[in-house]
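Take a look at the letters that make up each chain.
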Amino acid sequence: MPPQFSGLLGTVYRRGNLSFTPDGNSLLSPVGNRISLFDLKNNKCETLPLATRLNIVCVGLSPDGSLAILIDEEGAALLVSLIGKCVIHQFYFHKPVHSVSFSPDGKKFVVTKDNLAHLYHAPGKKREFNAFVLDKTYYGPYDETTCIDWTDDSKCFAVGSKDMSTWVFGAERWENLIYYSLGGHKDVIVACFFEENSLDLYTISQDAALCVWQCDTELDGLKPMPPKDAAKEKKEEDDEELLEEPKGEEIHGKADPSEQETRNKVKYSRVAKYFFNKEGDFNNLTAAAYHKKTHLLVTGFASGIFHLHELPEFNLIHSLSISDQRIASISINCTGDWIAFGCSGLGQLLVWEWQSESYVLKQQGHFNSMVSLGYSPDGQYIVTGGEDGKVKVWNTSSSFCFVTFTEHNSGVTAVTFTSTGYVVLSASLDGTVRAFDLHRYRNFRTFTSPRPSQFSCLAVDSSGEIVAAGSQDSFEIFIWSMQSGRLLDVLAGHEGPISSLSFNPMKCVLASASWDKTVKLWDMLDSWRTKETLIMNSDVLVVAFRPDGKELAVAALNGQITFWDHENAVQTGSIEGRHDLQMGRKELDKITAKQAAKGKSFTTLCYSADGQSILAGGLSKFVCIYNVKEQILMKKFEISCNYSLDAMEEYLDRRKMTEFGSMALIDEGGGGDEGVAIPLPGVKRGDMSYRHFKPEIRVTCVRFCPTGRSWAATTTEGLLLYSLDSGLIFDPFELDIDVTPSNIHKTLGQKEYTVAIVMAFKLNEKKLIQEVIEAVPSSEVDVVCSSLPDLYVEKLLEFLASAFETSCHLEFYLIWAHKLLMLHGQKLKTRSVKLLPVIQFLQKSIQRHFEDVSKLCEWNIYNIKYTLAISQQRGMKRQAEETPGDEEELDSDSDYLMQEAHKG
């Protein structure tokens, strides 16, 4: 059963507009070609299991929050159900789309592209063959359209343009408002907003100017157009039927209509104009949002500053700086309390509660690509290191980063947890290895070499006491003591840069790989002497020990993965993996992908928790999983389908080729807002200057979770998580003809609990197993556990671990786990290596509940102490009136309450 994509960590926002859900508790954020849903109330994040072909640039959310329209860079749209989390319909707009917005009644939506605005019937309101039916096309602006806003009753909408004009259009056929053009600005229109239940309008331009427009007509004053002549209407319908596709009605607006055309029509007048830049400091306004009920205007600037104003008086409430990068998107939730900001430059996502001046959410991914990752022993946390010099620790259940360490001055090359799970180690090109404490969130050890060295790899032994790091430039391995922080030894012997280090989990042996085509095994107990040297045919890139320590996997530059019995220095097998990498061809490559793949290889390896399979990744969009025993490819995971990244296509797109060469060579930007479209020579990961570049797809690190239930990969896209999703797959175990749900219920009715549990596990349906186990009385658990066959003890432990994550019967399942481990502990110990993932999965589930319950108990103890303190103060005031007997009673009550609290 293959793992399914379960989440994207490490990236919280790329580009596009942020959207709050109608309840105001969740936030939709575009992350590359995927969409993440941040549940701010429950502090969780979920990435939807769907993706567009290119990066998402705009998101339209329906007023009821059930549908979303995701549109990518080329105008391809996905209609997505946020309830079922699936794609309902696909549509192509043929041109890049600038913005999309549903009407407040949910019946229509407007899409702006080029200098047009298209009004479509919203899908889902009635049964239709085509989900996107064009109603009207509006012409008017001379340049590209930028923004949309609707009136509250969905009668009209406004569209802003780069030609510095704003247009008000009628969504229906109104006699006194077909179109209206508003000027008054000297720069591109960034946003336009209608006042609540009114046609009054605010327009905001990029040069930080706000115009307030007053309309002489109320919304109720809009008059419907008289019905058309019946014969003329029929002719138009017949013409539309002759066309292959109905084009809808076209409305052509004029910037300077004649006096006759404006007679008896709606008129606008500018009543005020305000400027945000008071002291002449030029600062581009980049994003804006308006909350109609509270009249709150939020504006974001290129310098990372945002302003809060109250309209229409333009009173400044706040002016704060949240970043040093431009604010790309702003959104306000339905209550007007929370404001979301997205900064695409650093990949920041912030949710600010403006009244209390506090952060509801503050997340930021790695600025450059992630290089390394490591799982904690219980699989609850993941640590990542990036080229931006930051070390971040992520919670796998909430998908949030909860601590960032910024002590390194250069790129981080390797990260790992110690066996306790409370210490994170990181190696960097700045010449230091640092140890971070996850209790106090501080850097408590810094390991350095006698001469400055750039560290390329890192390993820590199973006890967590010995730290080893390999150098790129001096070809040496440095060994430190975690306890004292002293340098214990310097291992010399390699004749090339050290590429990888790995400690044997069961023995005191260190394996080191180098570009000198050797793998050396160093014995820690024998004064770090070289125990064995394994000679390879090519430069060695990565080594990894099997979890039981009996096998060593080695990946070399020639694309081979070899397996070694390191005790006897004998090669036990090999996999030719070069063809499985399946490289893509970059836009500027002169040779084909097939030719380029000959020089490529796997750069990261990891064994699964049971040691039966191995994960391998490299400079391609695929991660391969091999069976070690059979040495065959089991599955290839395509980690991304985002064609906004380079090296995704196997063949060059001929539509992008001209007689002068690839269109990717053409300088499109000319140094504007988006930058120049040519990367600097030799730069793969993008330079730090303001140039537009296409990042190359690659996998830098793969790791299996110690629980055996999931694996993670650091890629150009971010940190991808894949987990076993055993929800919809029928997977019986030792099934025979008598094992049916009715027979299981019959056995359960006869109170033969052990037999019923065995039968339920044979059928292997989770709901049925849960029903059977929960039917066992707590007094019978001891007897059932003792009579359970050994084969089913492991299966029951695995079920308990998964049940802890969802069930509310905490004490009942804890009794089961306790009895099983007490009665079968000795037998389980003999198979500890095989059972380790299951036990760690169980530990992870129990630990999470322990943390939640202990916080609750501490809070309750604090509340009881506070209540007692208040009651004792009041008791002292009334001491003169009370009898001694009453005092004793009060003291005995308080003692009893404290005892109960501590028991809890």
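Residues numbered from 1 in each chain as written. Predicted model: local features only at pLDDT ≥ 70, side-chain atom pairs only at ≥ 80, totals over all residues. Heavy atoms only, no water.

Going from leucine 311 to proline 312, the amide bond is cis rather than trans, its omega being 5 degrees. Position of proline 312 among the secondary structure elements: in the loop between strand E25 (305-310) and strand E26 (315-321). A positive phi is found at serine 154, a non-glycine position, where the angle reads about 65 degrees. The topology assignment puts serine 154 in the loop between strand E14 (145-150) and strand E15 (156-161). The phi dihedral of methionine 164 is positive, around 75 degrees, even though this residue is not glycine. Position of methionine 164 relative to the elements: it lies in the loop between E15 and strand E16 (166-170). (Helix = DSSP H or I, 4+ residues; strand = E, 2+ residues; numbered from the N terminus.)

Time to look at the environment of phenylalanine 157. You can see phenylalanine 157 is positioned in strand E15. A relative accessible area of 0% places phenylalanine 157 in the buried class. Along the chain, phenylalanine 157 and phenylalanine 193 lie 36 residues apart, while their C-alpha atoms are 9.4 Å from each other. Phenylalanine 157 has contacts with Val110, Ala117, Tyr138, Asp149, Trp150, Trp167, Val168, Phe169, Ala171 and Phe194, leaving out every residue within four places of it along the chain. (Buried < 20%, exposed > 50% of the residue type's maximum accessible area, 1.4 Å probe, protein only. Contact = heavy atoms within 4.5 Å.)

The next point concerns the pattern of salt bridges. What the rule picks out here adds up to 21 salt bridges. One salt bridge connects aspartate 153 with lysine 155, and the closest N-O pair in it is separated by 3.8 Å. The class for aspartate 153 is partly exposed, based on a relative accessible area of 29%. A salt bridge links aspartate 548 to arginine 546; the shortest N-O distance between them is 2.9 Å. (Salt bridge = Lys/Arg side-chain N within 4 Å of Asp/Glu carboxyl O.)

Among the structural elements, phenylalanine 503 can be located in strand E43 (residues 498-503). Given a relative accessible area of 8%, phenylalanine 503 falls into the buried group. Sequence separation between phenylalanine 503 and alanine 468 is 35 residues; the distance between their C-alpha atoms is 9.0 Å. Not counting residues within four places of it along the chain, the set of residues in contact with phenylalanine 503 comprises Ala459, Val460, Asp461, Ile466, Ala468, Val509, Leu510, Met524, Trp528 and Phe545.

Attention now moves to the sheet that holds strand E50 (residues 570-576). Reading across the sheet, the 4 strands line up as E47-E48-E49-E50 and stay open at both edges, with antiparallel pairing between neighbours. Only two strands of the sheet have a single partner each, and these edge strands are strand E47 (540-545) and E50. Across this sheet, the average inter-strand angle for adjacent strands is 20 degrees, counted without regard to direction. Bridge analysis of strand E48 (residues 552-556) against strand E49 (residues 560-565) gives 4 bridges, and the strand direction is antiparallel. The residue of E49 that forms the bridge with alanine 555 is isoleucine 561. (Pairing = 2+ DSSP bridges. Axes fitted to C-alpha atoms, helices over the stretch in contact; angles between N-to-C directions.)

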